[in-house]
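The lines below spell out each chain.
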Amino acid sequence: MIIRKGEPKDMQAVLDLIIELAIFEKEPDAVVVTVEDLIRDGFSEQPLFHTFVAERDNEIIGIALYYYRYSTWKGKTIHLEDLVVKESARGTGAGIALYSEIIKQGKKDNVRRIEWNVLDWNTNAIEFYKKSGAKILEDWYVVQMDEAGIESFVKNN
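Residues numbered from 1 in each chain as written. Predicted model: local features only at pLDDT ≥ 70, side-chain atom pairs only at ≥ 80, totals over all residues. Heavy atoms only, no water.

> Could you give an account of the overall build of the chain, with specific residues and numbers?
Helices and strands together make up the secondary structure of the chain, namely five helices and five strands. Going from the N terminus to the C terminus, the chain shows its helices and strands as β-α-α-β-β-β-α-β-α-α. Against the compact-globule benchmark of 15 Å for 157 residues, the chain has a radius of gyration of 16 Å, which places it among compact chains. When the backbone C-alpha atoms are referred to their principal axes, the chain occupies close to 55 × 35 × 35 Å. Burial status across the chain gives 34% buried among its 157 residues. Contacts in the chain between residues far apart in sequence, at least 24 positions, make up 57% of those at least 6 positions apart. Of the roughly 10,900 Å² that the chain leaves accessible, carbon and sulfur atoms contribute 51%. (Helix = DSSP H or I, 4+ residues; strand = E, 2+ residues; numbered from the N terminus. Rg over C-alpha atoms; globule rule 2.2 N^0.38 Å. Buried < 20%, exposed > 50% of the residue type's maximum accessible area, 1.4 Å probe, protein only. Contact = heavy atoms within 4.5 Å. Areas by Shrake-Rupley, 256 points an atom, 1.4 Å probe, with all protein chains shown as cover.)

Okay, structure coming up:
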């Protein structure tokens, strides 16, 4: 298995893993992004995200998709959007290898924080993150506004 930076040719496999993650997270119809979106947004002059892929026998078995954010308290940070390994490849070490690559990228970039979300029912992931030294912030809520909320807000304000 090798871990490498993702390339445009990998984006179909990346999308397949995003869809697999959405199914795992009980949101099978939530993914609307396309391969074309991923190529445009990840490989433009100012990419909106970056990826690492885990590849075994010329097959992508896992991804870590991340982007940079800015914290008014910490400065430059990394947000790990997705870390997913194909169900058939779990237990191969791909997850820890991708996770390690993200942490190394953060160190290389001198970020002061790497952050991500985890569902409260994903106890295996929570335990893994705790054992790795990550903190689970139980007193913060994730807040989102979806397309319908944006439209409604703009229409009414």
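After that view, the rundown keeps rolling.
> Outline the nonpolar core, supporting the account with residue identities and numerical values.
A general trend in soluble globular proteins is that nonpolar side chains are found buried together. Formed by 18 residues in total, the largest nonpolar core has its most connected members in F52, A64, L98, I102, W116 and Y129. Of all elements in the fold, only β2 (50-56), β3 (59-71), β4 (75-85), α3 (94-108) and α4 (123-132) reach the threshold of two or more residues within this core. When residues in this core are grouped by element, the largest group, four residues, is from α3. Those residues in contact with A64, other than ones at most four positions away along the chain, are H50, T51, F52, L80, D82, L83, L98 and I102. Counting residues in hydrophobic clusters, the runner-up holds 14 residues, among them I18, V35, F49 and V84. (Core = buried A, V, L, I, M, F, W, Y, C linked by side-chain atoms within 4.5 Å.)

> Pulling in residues and values, what's your account of the packing of helix α1 (residues 11-24) against helix α2 (residues 35-42)?
Put simply, α1 and α2 touch, their axes get as near as 9 Å, and they point 115° apart. As the angle between them shows, α1 and α2 are arranged roughly perpendicular. Classified by chirality, the crossing of α2 by α1 is right-handed. Mapping the contact onto sequence places M11, Q12, V14, L15 and I18 in α1 and V35, L38 and I39 in α2. Looking at the contact of α1 with α2, its residues break down into seven nonpolar, one polar and no charged. (Axes fitted to C-alpha atoms, helices over the stretch in contact; angles between N-to-C directions. Parallel < 35°, antiparallel > 145°, perpendicular 65-115°, else oblique. Left-handed = near helix turned anticlockwise from the far one by under 90°. Nonpolar A, V, L, I, M, F, W, Y, C, P; charged D, E, K, R; others polar.)

The values reported here are purely geometric and, on their own, carry no functional implication.
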